[in-house]
Amino acid sequence: KATLVTSALLAIILAYAERNTIPSHLVMIWITLILFVNVIRFVITRHQKRHPSRDISVINRRLVQFRTGVLVSGVVWGMACVLIYPHNDLQQQMFIIFILAGLVAGGIVSYSVDIFSAVSYTMTILTPMLIRLFVDDNVMSFSMGISGVLFLVFMLASIRNINRHFLENITLRHEAVERESKIKQLAFYD
C-alpha cells in the first residue's frame, strides 16, 4: 500500500509541476493512467489480503497479477519521458529524472523479493529515460545518459543481491518455524 500511495503522490506532484510546461491534455492522460493503474493494483492487493490462499494455482495466478501490475506501473511511469518530458527546460528534466530514480530505488526495496518484478519495474522506468537522454543532441544529455546507464547497472546488481538476502532470510525463517514445531511436538510427548 505504501508503494502505491507514494507512487500516486509523486504522480500528482509531477503532474502539478509540469502543468505549465507540457500541454495539459498530455499531463491529464498520463496522470489518469497512473492513478487508474494504482487503484486497480490497490483493489487487487486488498482482495488478496482479505482472501488468503494456500492453493498453489491461486498463488501462481496472484503472482502473475502482481507482476502484471508492477510491469504496467513501470511502463506508465516510463511514459513520463515520452508524454511529459520538457525538451527545453533542464530544471524540469532533472525533476522528472529525480522522481524516476527515486521510484526505481523504492521499487527495488519493495519488489526485490521477486526478482522478475524488480527488474521489469526498473527497466520499464529507466529505459525510456535513457533513450530520451541519448536521443537529445547535446553533451549534457549524453553525459546524463551514460550516468543513467551506470545507475541502471548498479540497480540491477543491487536487485540480485537484495533478492538473494530476502530468499536466505525466508529460508532461515521457514527452517526456524519447522524446528520450533518439532521441539513443541517432542516436548508434548515427553
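Our subject is the structure that appears above.
Fair warning: this is a prediction, and the values are worked out from it, not measured in the lab.

S.K.: Can you break down the side chain of Asn38 residue by residue, with the values?
M.R.: As for its placement among the helices and strands, Asn38 is situated in helix α2 (residues 24-50). One polar contact links Asn38 to Ser7, side chain to side chain, over a distance of 3.2 Å. For Asn38, the contacting residues outside a window of four places in its chain are Leu4, Ser7, Ala8 and Ser73.

S.K.: Please set out the pattern of salt bridges residue by residue, giving values where relevant.
M.R.: If you walk through the whole model with that rule in mind, you get two salt bridges. Two residues, Asp114 and Arg67, come together in a salt bridge whose shortest N-O distance is 2.6 Å. Here the residue Asp114 occupies a position in the loop between α5 (90-111) and α6 (115-135), and Arg67 occupies one in helix α3 (residues 56-78), the gap between them amounting to 47 residues. A relative accessible area of 11% places Asp114 in the buried class. Between Glu168 and Arg164 there is a salt bridge, with the nearest N and O atoms lying 3.9 Å from each other. Here Arg164 and Glu168 lie together in helix α7 (residues 139-189), a separation of four residues that amounts to about one turn. With a relative accessible area of 40%, Glu168 lands in the partly exposed category. Note on Arg164: relative accessible area 39%, which makes it partly exposed.

S.K.: Tell me about a nonpolar patch on the surface, and name the residues and values.
M.R.: On the surface, a nonpolar cluster with roughly 530 Å² of combined accessible area is contributed by Phe134, Phe142, Ile146, Val149, Leu150 and Val153. It is α7 that contributes the most residues to the nonpolar patch, five residues altogether. Note that Leu150 resides in helix α7. For Leu150, a relative accessible area of 58% puts it in the exposed group.

What counts as what
- Residues numbered from 1 in each chain as written.
- Predicted model: local features only at pLDDT ≥ 70, side-chain atom pairs only at ≥ 80, totals over all residues.
- Heavy atoms only, no water.
- Helix = DSSP H or I, 4+ residues; strand = E, 2+ residues; numbered from the N terminus.
- Polar contact = N/O pair within 3.5 Å; in protein donor to acceptor, adjacent residues only side chain to side chain.
- Contact = heavy atoms within 4.5 Å.
- Salt bridge = Lys/Arg side-chain N within 4 Å of Asp/Glu carboxyl O.
- Buried < 20%, exposed > 50% of the residue type's maximum accessible area, 1.4 Å probe, protein only.
- Patch = residues over 30% accessible without salt bridge, like charges linked within 9 Å, V, L, I, M, F, W, Y side chains within 5 Å.
- Areas by Shrake-Rupley, 256 points an atom, 1.4 Å probe, with all protein chains shown as cover.

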